[in-house]
Amino acid sequence: MHQQKVLIVDDQVLNHAFIASEIEDFCTPISADSGAKALKLASRLKPDLILMDINMPGLDGFEVCQQLKSNPQTEDIPVIFLSGMTDIASEKTGLELGALDYIRRPFNPEILKARIWNQLQLQRKRRTLEKMSNRDSLTNIANRRYFDQSLGHEWERMRELKHPLGLLMIDIDAFKPFNDEYGHVTGDKALKRVAQCLNQSLKRSGDLVARYGGEEFACILPHTDKDSARLIGNQLCAAVLDLMIPHGASTVSAYVTISIGSASVYPGETGSIKRLIALADQRLYTAKNTGRNRVVHE
Ligand SMILES: Nc1nc2c(ncn2[C@@H]2O[C@H](COP(=O)(O)OP(=O)(O)OP(=O)(O)O)[C@@H](O)[C@H]2O)c(=O)[nH]1
């Protein structure tokens, strides 16, 4: 099975089979015989490309394209129309709706194949760049940019669900003395190990840990009330201590430790993302001033 998926949307089963047989040696074709099924499959499977007929019973290809482009989860999936409607007005409508290309039927199978191949190569590069732009290059966990984006997204999601959103602000203790004692190369290695440890300690798929800046990390915990956030914070403190990274210049412990400020709110009309960050930040400050290697919470 190939990694890249192409969703073929057409009410004519014979068309599916023909296109699938042309492209299956370099991608995995998936079939949808209606616009409604296409919308469901697109948001569930996130295909790399959608090849779509226009004339279909129920939702037509134009309507499906419009819905795909207005949903943040599917707006970036490239769409190519494959249609027997050869008039300029239809082609213009398709392109104006955000389709990447419009191929008229009858098409030459070799040309269709070449176009799909080219689009999949571009999509592969696009996805690699997207991944790189969201990662911190030293620690290989999410970066600040991705954190800001995710926090905004989770704030909205939890507001709609009326669920609590937890946030941990995390800072490595006495890291300046660590660098002074062992040098920056060892400092970088310790940062990487702590980052990986935090990342691996989070068990739920919706949780996210990011490098917030320097030796500071931040952890987004959807569906998490203040007690659960504190509990997760304590687990993270214990996990980092368990790494047993020697720290001869620390006044807190013989090993590298972290301090955490924990907060959880129900996103609503009052309150804001800024306020949530400020709360967790203030508590991190308190954790630093009351001994370090601890979680301070409400
Ligand atoms: N090796 C390395 N050090 C970094 C990196 N980013 C930030 N730092 C260092 O982290 C240290 C942070 O020092 P401070 O903000 O004074 O805090 P601290 O010494 O950890 O003290 P507390 O936070 O109060 O426990 C600075 O010396 C930075 O140079 C990095 O990418 N690599």
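Residues numbered from 1 in each chain as written. Predicted model: local features only at pLDDT ≥ 70, side-chain atom pairs only at ≥ 80, totals over all residues.

Looking at an unreviewed UniProt entry, one finds the protein chain named diguanylate cyclase, with Marinobacter daepoensis as its source organism. Listed in UniProt under the heading Catalytic activity (unreviewed entry), the comment for the protein chain reads: "2 GTP = 3',3'-c-di-GMP + 2 diphosphate". (UniProt positions renumbered as here; feature names shortened; annotations may be inferred.)

(A) Layout of the overall build of the protein chain. A tally of helices and strands in the protein chain yields 10 helices and 10 strands. Taking 2.2 N^0.38 as the reference for a compact globule, 298 residues should give roughly 19 Å; the C-alpha atoms of the protein chain span a radius of gyration of 25 Å, well beyond that estimate. For the C-alpha atoms alone, the extent of the protein chain along its principal axes is close to 75 × 45 × 30 Å. Burial status across the protein chain gives 36% buried among its 298 residues. (Helix = DSSP H or I, 4+ residues; strand = E, 2+ residues; numbered from the N terminus. Rg over C-alpha atoms; globule rule 2.2 N^0.38 Å. Buried ≥ 20, exposed ≤ 12 C-beta atoms within 10 Å, placed from the backbone.)

(B) Region of interest: the sheet that holds strand β1 (residues 5-9). Strand order in the open sheet made by the 5 strands is β2-β1-β3-β4-β5, with parallel pairing throughout. Taken across any chain shown, the strands that pair with only one partner, and hence form the sheet edges, are β2 (28-32) and β5 (101-104). Each strand of the sheet is rotated relative to its neighbour by a mean of 20°, with strand direction disregarded. In the packing of helix α2 (residues 35-45) onto the sheet, contacts are made with β1, β2 and β3 (49-52), and the angle to β1 comes to roughly 170°. (Pairing = 2+ DSSP bridges. Axes fitted to C-alpha atoms, helices over the stretch in contact; angles between N-to-C directions. Contact = placed C-beta atoms within 7 Å.)

(C) Geometry of the packing of helix α7 (residues 175-182) against helix α8 (residues 184-201). In contact at an axis separation of 7 Å, α7 and α8 are set at 130° when each is read in the N-to-C sense. In terms of orientation, α7 lies oblique with respect to α8. From α7, F178, N179 and Y182 reach across to α8, where they touch H184, T186, G187 and A190. (Parallel < 35°, antiparallel > 145°, perpendicular 65-115°, else oblique.)

(D) Spotlight on the environment of K46. One can find K46 in the loop between α2 and β3. Spatially, the C-alpha atoms of K46 and L7 are 9.2 Å apart, while their sequence positions differ by 39 residues.

(E) Layout of the sheet that holds strand β9 (residues 258-265). Ordered in space as β7-β8-β6-β9-β10, the 5 strands form an open sheet in which the pairing is mixed. In this open sheet, the two edge strands, each paired with only one partner strand, are β7 (208-213) and β10 (295-296). Bridge count for strand β6 (residues 165-172) against β9 is 8 bridges, and the pairing is antiparallel. Paired with I172 across the strands is I258, a residue of β9. Strand contacts of helix α6 (residues 144-161): β6, β7 and β8 (216-222), with the helix running at about 130° to β7, the strand carrying the most contacts.

(F) Spatial organisation of the pairing of strand β4 (residues 79-83). Buried residues dominate β4, accounting for 4 of its 5 residues. As judged from the 4 bridges shared by β4 and β5, these two strands associate in the parallel manner. From the neighbouring strand, F81 faces β5, where its bridge partner is Y102. Assessed by its sense of winding, the connection that carries the chain from β4 through helix α4 (residues 88-96) to β5 is right-handed. (Right-handed = clockwise from strand over helix to strand, strands pointing away.)

(G) Focus on unusual backbone geometry. For the peptide bond that leads from R105 to P106, omega is -5°, which places it in the cis range. With a phi angle near 45°, A174 is a residue other than glycine that sits in the positive phi range. Following the sequence through the fold, A174 ends up in the loop between β6 and α7. A174 gets classed as buried once you count the C-beta atoms within 10 Å, which come to 22. For N293, which is not a glycine, the phi torsion comes out positive at approximately 50°. Among the residues examined, N293 registers 20 C-beta atoms within 10 Å and is labelled buried.

(H) Summary view of the site of the ligand. Neighbouring the ligand are 17 residues, the closest being D173, F175, K176, G187 and G214. Those elements that place two or more of their residues in the shell around the ligand are β6, α7 and α8. (Near = placed C-beta within 6 Å.)

(I) Representation of the UniProt feature "modified residue: 4-aspartylphosphate" (unreviewed entry) in the protein chain in the model. Under the UniProt annotation, "modified residue: 4-aspartylphosphate" (unreviewed entry) lies at D53. Residue D53 is classed as buried on the basis of its 24 C-beta neighbours within 10 Å. In contact with D53, not counting residues within four places along its chain, are V9, D10, D11, G61, L82 and S83.

(J) Broad picture of α2. Within the span of α2, buried status applies to G35, A38 and A42. One side of α2 holds all its buried residues, which, seen down the axis, span an arc of 50°. Opposite the buried face of α2, at more than 90 degrees from it, the exposed residues are K40 and R44. Against β1, β2, β3 and α3 (61-69) lie the buried residues of α2. Following α2 by one or two positions, K46 adopts a phi angle in the positive range, close to 45°. (Arc of directions from axis to C-beta.)

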